[in-house]
Amino acid sequence: MSAKVAVVTGANKGIGFAIVRGLCKRFDGVVYLTSRNEKRGKDAVAALENEGLRPKYHQLDITSTQSLQVFHDYIKEKYGYIDVLVNNAGIMFKSNALEPEGVQAEETLRVNYFSVLSTCEILFPLLRNGARVVNISSSLGHLSYIPSEKLRQKFQDPKLTIPELSDLMRQYVEAAKQGTQAAEWGYSAYNVSKVGLTALTMIQQRLLNDRDIKVNAVHPGYVDTDLSSHQGPLSIDQGAEAPLYLALDAPDSVKGQYVWYDKRIVSWSGPQPEEIY
């Protein structure tokens with residue numbers, strides 16, 4: 001049997017970096033820090049090596065199917081399997097961004113939903129039975145951020161398929177381009193992208209139940225990162241705690257869940273949980 005393998009996307013800084021740090025300390029296997037920018041990724045590896053840790057590095061741009069396929073082939077040839085996959089890579093436009101709503105919607109959904117979906121489609125065949133997948137969502141991925149009751153019902157349909165979910169995501173982008181999205185979808189492309197990612201998590205779990213693979217979405221908390229413009233009160237290591245819990249410690253019964261930063265399993269479609277710091 002090959003060594004156990006953990007992979008974290010978008011891990012050269014922020015929460016992804018801290019997740020790699022935590023995995024290096026506790027995971028019984030090899031840990032891959034991946035990043036779109038190779039220099040930043042290797043600098044991040046060097047910083048962890050200075051702490052006495054030994055992550056491995058591979059370039060990975062989740063928006064490129066070619067990059068994903070190269071990584072897939074590398075892992076398949078060298079190890080054969082993946083045991084932990086943390087889908088952390090993502091983007092968010094700032095509140096003062098000048099790009100039109102349609103542009104923000106298309107790019108945010110391209111990275112945060114469609115590219116994560118591509119990552120899963122290409123890497124999931126490598127998941128070993130019993131593997132764990134952690135999709136980094138957000139409190140803003142709670143279903144309550146979608147104003148339309150009709151849309152909320154579609155998202156929680158237990159028979160929703162990935163093609164149907166992807167079609168919903170494309171409908172949102174088209175509405176944003178037309179400037180008609182607010183009434184049904186709200187104003188935030190980031191919110192919609194994370195609602196889509198959380199819905200994808202639920203579907204993926206249904207599809208993988210027979211292989212004992214656990215797929216969960218997690219809100220890591222409001223963390224002091226570039227994404228939050230360093231407004232979050234939590235450190236990146238605090239933000240890594242819940243993802244690491246799902247990757248390493250959670251009972252096998254925790255699957256297809258929406259988990260809060262303090263390890264609470266919360267209702268994705270119920271009242272929005274309280275933030276407790």
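Residues numbered from 1 in each chain as written. Predicted model: local features only at pLDDT ≥ 70, side-chain atom pairs only at ≥ 80, totals over all residues. Heavy atoms only, no water.

Draft legend 1. Broad picture of the overall build of the chain. Counting its secondary structure elements, the chain contains 10 helices and 8 strands. Against the globule reference of 19 Å for 277 residues, the chain gives a C-alpha radius of gyration of 18 Å, in line with a compact fold. Principal-axis analysis of the C-alpha atoms places the extent of the chain at approximately 50 × 40 × 40 Å. Taken across its 277 residues, the chain has 53% of its residues classed as buried. Within the chain, contacts between residues at least 6 apart in sequence are counted, and of these 72% link residues at least 24 apart. In the structure as shown, the chain presents an accessible area of about 12500 Å², 49% of it carried by carbon and sulfur atoms. Distance between charge centroids for the chain: 3 Å, based on 30 positive and 31 negative side chains. (Helix = DSSP H or I, 4+ residues; strand = E, 2+ residues; numbered from the N terminus. Rg over C-alpha atoms; globule rule 2.2 N^0.38 Å. Buried < 20%, exposed > 50% of the residue type's maximum accessible area, 1.4 Å probe, protein only. Contact = heavy atoms within 4.5 Å. Areas by Shrake-Rupley, 256 points an atom, 1.4 Å probe, with all protein chains shown as cover. Lys, Arg positive; Asp, Glu negative; His and termini not counted. Charge placed at Lys NZ, Arg CZ, Asp CG, Glu CD.)

Draft legend 2. Highlighting the pairing of strand β5 (residues 127–136). When you tally the buried positions in β5, you get 8 out of 10 residues, the bulk of the element. With 5 bridges joining them, strand β4 (residues 82–87) and β5 adopt parallel strand pairing. When the bridges of β5 are listed, Val84 appears paired with Arg132. After leaving β4, the chain enters helix α4 (residues 101–123) and then returns to the sheet as β5, a path that is right-handed. The pairing of β5 with strand β6 (residues 214–218) spans 5 bridges and is classified as parallel. Of the residues in β6, the one forming a bridge with Val133 is Val215. (Pairing = 2+ DSSP bridges. Right-handed = clockwise from strand over helix to strand, strands pointing away.)

Draft legend 3. Layout of helix α8 (residues 189–208). In this model, α8 (20 residues) spans 28 Å end to end at C-alpha, consistent with the 28 Å of a helix rising 1.5 Å per residue. Of all the 20 residues making up α8, 17 are buried; the element is thus mostly covered by neighbouring parts of the structure. With a side-chain oxygen lying 3.3 Å from the backbone nitrogen of Tyr190, the N-terminal cap of α8 falls on Ser188. (Expected span 1.5 Å × (residues − 1). Polar contact = N/O pair within 3.5 Å; in protein donor to acceptor, adjacent residues only side chain to side chain.)

Draft legend 4. Just the pattern of salt bridges, in detail. Taken as a whole, this structure holds 14 salt bridges when the rule is applied. Among the salt bridges present, the one from Asp252 reaches Lys214, with a minimum N-O distance of 3.6 Å. Of the two residues, Asp252 is situated in the loop between α10 (241–249) and β7 (258–259) and Lys214 in strand β6; the sequence distance between them amounts to 38 residues. Its relative accessible area of 4% is what places Lys214 among the buried residues. Where salt bridges share partners, they join Arg132, Asp212, Lys214 and Asp252 into one cluster. (Salt bridge = Lys/Arg side-chain N within 4 Å of Asp/Glu carboxyl O.)

Draft legend 5. Spotlight on the sheet that holds β5. Read from one edge of the open sheet, 8 strands run β3-β2-β1-β4-β5-β6-β7-β8, paired in mixed fashion. Edge positions in the open sheet fall to β3 (56–59) and β8 (265–266), since each of these has one partner strand only. Looking at chain direction, β6 and β7 are connected through 2 bridges and run parallel. Note that in β7 the partner of Ala217 across the bridge is Tyr258. Sheet strands in contact with α8 are β5, β6 and β7, and its direction is about 165 degrees off that of β6. (Axes fitted to C-alpha atoms, helices over the stretch in contact; angles between N-to-C directions.)

Draft legend 6. Broad picture of the side chain of Lys214. Here the side chain of Lys214 touches Asp212 through a polar contact of 3.0 Å, landing on its backbone oxygen. The residues touching Lys214, leaving out its near neighbours within four places in the chain, are Gly130, Ala131, Arg132, Val133, Gln205, Asp252, Val254 and Lys255.

Draft legend 7. Structural detail: the packing of helix α3 (residues 65–78) against α4. Their axes nearest at 10 Å, the elements α3 and α4 cross at an angle of 30 degrees. Taken together, the axes of α3 and α4 lie roughly parallel to each other. Seen from above, α3 lies across α4 with right-handed handedness. Across the interface between the two elements, Thr65, Leu68, Gln69, Phe71 and His72 from α3 touch Ser118, Thr119, Ile122 and Leu123 from α4. Split into classes, the residues belonging to the contact of α3 with α4 amount to 4 nonpolar, 5 polar and no charged. (Parallel < 35°, antiparallel > 145°, perpendicular 65-115°, else oblique. Left-handed = near helix turned anticlockwise from the far one by under 90°. Nonpolar A, V, L, I, M, F, W, Y, C, P; charged D, E, K, R; others polar.)

On their own, these measurements won't tell you what the molecule is for.
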